[in-house]
Amino acid sequence: MLGCRELKNRALSHPAGETVEKWGHTVKKLLVLALVALGGLLVWRKVQADRAELDLWTEATGSEN
């Protein structure tokens, strides 16, 4: 009779187990990529909002000729 450790090692060495493991790494990479993209989008929106506020402030405080 096989012990739990031996069964686990057999399952991991099975080709289907390798496929599941590869998919797991792919999903993790895609999640990290999505989080990085979301962070970049949030930074971009913040920069755009700051520029718009600066333009409004400049227009409100600028001297008229």
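So, here is what we can say about the structure in this document. (Residues numbered from 1 in each chain as written. Predicted model: local features only at pLDDT ≥ 70, side-chain atom pairs only at ≥ 80, totals over all residues. Heavy atoms only, no water.)

### Some points on the pattern of salt bridges
Line of reasoning, step 1. Across all of its chains, the model carries one salt bridge by this definition.
Line of reasoning, step 2. Across the salt bridge formed by D50 and K46, the nearest N and O atoms sit 3.3 Å from each other. Separated by four residues within a single helix, D50 and K46 lie in helix α2 (residues 15-61), roughly one turn from each other.
Line of reasoning, step 3. For D50, a relative accessible area of 37% puts it in the partly exposed group. (Salt bridge = Lys/Arg side-chain N within 4 Å of Asp/Glu carboxyl O. Helix = DSSP H or I, 4+ residues; strand = E, 2+ residues; numbered from the N terminus. Buried < 20%, exposed > 50% of the residue type's maximum accessible area, 1.4 Å probe, protein only.)

### Description of a nonpolar patch on the surface
Line of reasoning, step 1. Residues L35, L38, L41 and L42 make up a contiguous nonpolar surface patch of about 400 Å² in total accessible area.
Line of reasoning, step 2. With respect to the element layout, L38 can be found in helix α2.
Line of reasoning, step 3. The exposure class of L38 is partly exposed, given its relative accessible area of 44%. (Patch = residues over 30% accessible without salt bridge, like charges linked within 9 Å, V, L, I, M, F, W, Y side chains within 5 Å. Areas by Shrake-Rupley, 256 points an atom, 1.4 Å probe, with all protein chains shown as cover.)

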